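Examining the three-dimensional arrangement
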Amino acid sequence: MDASIEVRGLSRTFHTTVRRPGFTGAIRSLVNPERVAKHAVADITFDVSPGELLALLGPNGAGKSTTIKMLTGILTPTAGHAKVAGVVPYQDRERNARNIGAVFGQRTQLWWDLPVRESFAILRDIYDVPKAEHTARLKEFDGLLDLSSFWDTRVRHLSLGQRVRSDLAAALLHDPPVVFLDEPTIGMDVVVKEQVREFLRHQVEERGRTVLLTTHDMTEVERLAERVVLVNHGRLVLDGTLDEIRRKFGSTWQIRTTLADPHTDLVPLPGIALHQRTGAQLVFGPEGADAPTVHQALKAVIEAYEVTDIALDEADLEDVMRAAYVHAEAEEV
């Protein structure tokens, strides 16, 4: 199956003029300007499959937004190439625009002085969406995002949560196969965040859309994404599943279980060590480089023993990603 998003050696370099201090420096900068290259994105390669939600993560200034701008056709790369739904986005912007939806948390694609529903009608005409499809799609989105409670309100009077929900619906009205979300839930309250997450899960799992998400909210990553691409200083430093990242960057897990029979004999479990035994209570943890994922370990323990209670302790994903950032910085020094 072809990738919905294909990125190969993608790079983007910006050139800026260095301003020298003082009046003399300003004159010299004007007469003989010194140009400095800034590599916002450098040789990034990854794929995103149809129906996959990929989290593109990194600290501020890592190159996430620049990458998304190249994939949406806003910027042209300095080197490398990319395809989105089979289209080179910066060569065929109009065709690419019909294949994608995009939500930037700090910006809106709605008309500021119009009610939300009128903005939806304008977008319907721009994308030539048949009226019946438009009505059915709005009904579906209303059921998921509760749009009708505010869609007769002017966009300028919407709360942040209402505006982002409206932007999500607007981005999907023309039924694009690929969606880009750049910090879509920034500043939202927890109730609206969860509503947006449910909507995104529905779009990926039920509609098979491909979603590329950037966020600093690790709860969002944990609840939505199975795979993460980490960039730092414009370079890709990590591409893997959440389980792989947890194992690689020092995260540990413990499985605490209570046996039905405290006299049960121990069974060797590959890659799983017994850390503690107190009567019927056992504590397991990973052992060696071939330790299983936490989900595999849970399955192995349940299959090996008859248990009356089982609990899992895992490292917080924020700690794991912090360790990944530190590791990436250390490798660049």
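Look up a bit, the structure's there.
Below or above, wherever it landed, is the structure these notes cover. Note that the coordinates shown come from a computational prediction; the quantities given were computed from them, not determined experimentally.

**Concerning the environment of R35**
Relative to the elements of secondary structure, R35 occurs in strand 2 (residues 34–48). Residue class for R35 comes out exposed when judged on its relative accessible area of 53%. C-alpha of R35 to C-alpha of G101: the two residues are 66 residues apart in sequence and 36 Å apart in space.

**A short note on the packing of aromatic side chains**
For the coordinates displayed, the defined rule picks out two aromatic pairs. Residues F141 and F199 carry aromatic rings whose centres are separated by 5.5 Å and whose planes lie at 80 degrees to one another, so their mutual orientation is edge-to-face. Of the two residues, F141 is situated in helix 5 (residues 131–145) and F199 in helix 7 (residues 190–205); the sequence distance between them amounts to 58 residues. Residues F141 and F199 agree in their burial class; the two are buried.

**Side note on the packing of helix 4 (residues 116–126) against helix 6 (residues 160–172)**
Two elements in contact, helix 4 and helix 6, have axes whose closest approach is 10 Å; the angle formed by their N-to-C orientations is 20 degrees. Between helix 4 and helix 6, the angle is such that the two are roughly parallel. Of the two possible hands of crossing, helix 4 and helix 6 adopt the one that is right-handed. On helix 6, the residues that touch V116, F120 and L123 of helix 4 are S166, A169 and A170.

How each quantity is defined
Each chain has its residues counted from 1, running along the sequence as written. pLDDT decides what is reported in this predicted model: residues at 70 or higher carry local features, side-chain atom pairs at 80 or more are listed and counted, and totals for whole chains, interfaces and linings draw on all residues regardless. Only hydrogens and water are removed before side-chain values are computed, so all heavy atoms of the structure are retained for them. Secondary structure is summarised from DSSP: a helix means a run of H or I of at least four residues, a strand means a run of E of at least two, and numbering begins at the N terminus for each. Note on exposure labels: buried denotes an accessible area under 20% of the residue type's maximum, exposed denotes more than 50%, and partly exposed covers the range between, all computed with a 1.4 Å probe on protein chains only. Any Phe, Tyr or Trp ring, taking Trp's six-membered ring, that has another such ring centre within 6.5 Å forms a pair; planes under 30 degrees apart are called stacked, those over 60 apart edge-to-face, and the others tilted. Angles shown run from 0 to 180 degrees and are taken between the N-to-C directions of axes, each axis being a line fitted to C-alpha atoms and, for helices, limited to the stretch in contact. The cut-offs work like this: below 35 degrees is roughly parallel, past 145 is roughly antiparallel, 65 to 115 is roughly perpendicular, and the gaps in between are oblique. We call a crossing left-handed when the near helix sits turned anticlockwise from the far one by less than a right angle, and right-handed when that turn is clockwise. Working rule for contacts: check all heavy atoms of both residues, and any pair within 4.5 Å makes them a contact.

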